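Residues per chain are reported as follows:
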Amino acid sequence: MMRLGKRAAAVTAAGVLAAASVTGCSGSIDTDAVVATVGDEEITLGVANFYARLTQGEYETYYASMMGMTAEDMWAQEYDEDSTFEEQTKDSIMDSLEDMYVLSQHASDYDIALTEDEENAISDAAEQFDADNTDEAKEAVSGYKKDIEKVLELVTIQNKMDSAMKEGVDEEVSDEEAAQKSMQYALFSYTTTDDSGNSTELTDEEKEALKTTAQGLVDRVRAGEDFAAVAEELGVEAQTATFDSESTSPNEDLIAAADALANEGDVTELVETDSGIYVGELTSLLDREATDAEKETIVEQRRQDQYDSLLQEWKDAIDIEVNTRVWNKVDFIDQGVTIVTPEEDTDTSEDSGTDTTDGSTDTADENADASDSGAADEAGSTDDGTASDTAE
C-alpha cells in the first residue's frame, strides 16, 4: 500500500501523488548520495528520486494511454536525435530541482520563509505517508519523511517566490502596443467529407469552379451584402478571429492579407492555400475586448521575463554540477509508478488480495510535469489516497 495525504499539498503545491501503484523493481538506492550540488548546497538522491517519481506517476497514468503505448515504450521512444523521452524528462526534472534550490537560497532576499502552519502541514503529510506505506513502496520512490518534507518545502518556497519575483514590472501598455484587429473569414476547402468521415480531394476542374464561387463572395460583400449571409448561401461557414501582424491562425497568408486592409468592411482578395481558398473581411481595426486581453498577456509576459531573468542571473552566479552516475540510478523503465483512484485501488485489492487502507482521494487538479512543480491546490483539503505495491 502506498498513501500520501493531500493536506500539505493544499498548503504548498499540486503535483504530490495522491496515490500510486508501484510496479517493477529497480533495486535499492542510497538516498543520502549526492546527485547534484547547487552552489554550496547538496541535492540528495532521495529528494531527487521522490520528486522524479511524482512526475513519472503523472506521465504513466495520464499520458501513456493517451499516446496509445505502454509506459515502457513511452519512456524508450526517441525524443530527438540525441535523447529518449525518459532522458529529456529527467533533464527537465533536474533543471526544476536546480531552480527550486536556487530560489530557496534567495528566499531571504524577499523575506520569504515557511509559516508555522505550512511547516506543520508538511510534517503531518510526511508522517502520514510514512505511516501508511510499506517499506517496499517507500524504497521504490524514496518516500521517506525527510525527503518528502524537503520536496514540499522547496515547492512551497518556489510558489511564494514566483509571486514576489514578478512584482514591480511596468503594467502600462498602450493600445498601439497591444492592438488586435478582428475579421470574419470563410474557407472554401479543397476536400469533401462523406457521412463515414472519408475525405476526398477535389479535382482540378472542381477547384477552378470553387475559385469562381469564392470570388462571388468577394464581389457580393464588396457590393454591400452581408459576409455571413452570403457565405452560408454559398455553402461555407463564416467564422471570426482576432489577430495582429504576428498571428498565425487560422492561416498566415490570410492574416497578412487581412492585416493589410485599410478600412473596416474591406475584403481581401482570394487567398489560395494548399488546403483551400480563404476570404476575409476586416470587421474592426481595434477590437477592444481582444486588445484589453492582449494587454494582460503582455504584462504577464513581462512578469515572467523578469522572473526568468532573475533566476538565470542567480544560476549563472554559482556552480551547479550534476553527478550523472548517481542520477542514472533513477530509472523510469525498470521502476513504474502510476496514480490510482480509490475505486481502482479497491478493485486491485479485491483481485490480488493486496491489503489496503480505506480513504477517499481527489487527485490534485494540477500535477507536477517535467518542467513545472504546479500551482497551489485549494487550501483546506485533507483528502488522502491509497494504492497497492506489487513487485515483479
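These lines cover the structure that appears in this document, whether it is placed above or below.

1. A short note on the pairing of strand S3 (residues 41–44)
Working step 1: Relative to S3, strand S2 (residues 34–38) runs antiparallel, the two sharing four bridges. The partner of Thr-37 across the bridge, within S3, is Glu-42.

2. Details of the nonpolar core
Working step 1: Grouped together as the largest cluster of nonpolar side chains are 51 residues, with contacts concentrated most on Val-35, Ile-43, Tyr-51, Leu-97, Met-161 and Trp-327.
Working step 2: Not counting residues up to four positions away in its chain, the partners in contact with Trp-327 are Val-35, Ala-48, Ala-52, Lys-90, Ile-93, Met-94 and Val-322.

3. Thoughts on the sheet that holds strand S10 (residues 271–272)
Working step 1: Pairing in this open sheet of four strands is antiparallel, and the strands run S9-S6-S11-S10 from one edge to the other. Across the chains shown, the open sheet's two edge strands, defined by having one partner strand only, are strand S9 (239–243) and S10.
Working step 2: As defined by bridge partners, strand S6 (residues 181–189) adjoins strand S11 (residues 276–284) across eight bridges and the pair is classed as antiparallel. Across the sheet, Tyr-185 pairs through a bridge with Gly-280, a residue of S11.
Working step 3: The strands that helix H11 (residues 252–259) touches are S6, S9, S10 and S11; relative to S6, the one it contacts most, it runs at about 135°.

4. Digging into the pattern of salt bridges
Working step 1: Under the criterion given, the structure shown has 21 salt bridges.
Working step 2: Across the salt bridge formed by Lys-150 and Glu-41, the nearest N and O atoms sit 3.6 Å from each other. Note that Lys-150 is positioned in helix H7 (residues 145–165) and Glu-41 in strand S3, a separation of 109 residues in sequence.
Working step 3: The class of Lys-150 is buried, set by a relative accessible area of 19%.
Working step 4: Between Lys-160 and Glu-118 there is a salt bridge, with the nearest N and O atoms lying 2.8 Å from each other.

5. Overview of the packing of aromatic side chains
Working step 1: Counting across every chain of the model gives eight aromatic pairs.
Working step 2: Ring geometry for Trp-75 and Phe-332: centres 4.7 Å apart, planes at 55°, overall tilted. Linking Trp-75 in helix H3 (residues 71–76) with Phe-332 in the loop between helix H13 (324–327) and strand S13 (335–339), this pair joins segments that are 257 residues apart in sequence.
Working step 3: Among the residues examined, Trp-75 registers a relative accessible area of 0% and is labelled buried.
Working step 4: Residue Phe-332 is classed as buried on the basis of its relative accessible area, which comes to 1%.
Working step 5: Measuring from ring centre to ring centre gives 6.2 Å for Tyr-185 and Tyr-278, while their planes differ by 50°; the resulting arrangement is tilted. Linking Tyr-185 in strand S6 with Tyr-278 in strand S11, this pair joins segments that are 93 residues apart in sequence.
Working step 6: For Tyr-185, a relative accessible area of 9% corresponds to the buried category.
Working step 7: Of the aromatic side chains, those joined through ring pairs into one cluster are Tyr-59, Tyr-63, Trp-75, Tyr-79, Phe-85 and Phe-332.
Working step 8: The ring of Tyr-307 has Lys-166 sitting right over it, with the charged end atom 5.7 Å from the ring centre.
Working step 9: Seen from the ring of Tyr-190, Lys-207 lies directly overhead, with NZ or CZ sitting 4.8 Å from the centre.

Rules of the game
- Residues numbered from 1 in each chain as written.
- Predicted model: local features only at pLDDT ≥ 70, side-chain atom pairs only at ≥ 80, totals over all residues.
- Heavy atoms only, no water.
- Pairing = 2+ DSSP bridges.
- Helix = DSSP H or I, 4+ residues; strand = E, 2+ residues; numbered from the N terminus.
- Core = buried A, V, L, I, M, F, W, Y, C linked by side-chain atoms within 4.5 Å.
- Buried < 20%, exposed > 50% of the residue type's maximum accessible area, 1.4 Å probe, protein only.
- Contact = heavy atoms within 4.5 Å.
- Axes fitted to C-alpha atoms, helices over the stretch in contact; angles between N-to-C directions.
- Salt bridge = Lys/Arg side-chain N within 4 Å of Asp/Glu carboxyl O.
- Phe/Tyr/Trp six-rings, centres within 6.5 Å; stacked < 30°, edge-to-face > 60°.
- Lys NZ or Arg CZ within 6 Å of the ring centre and 35° of its normal.

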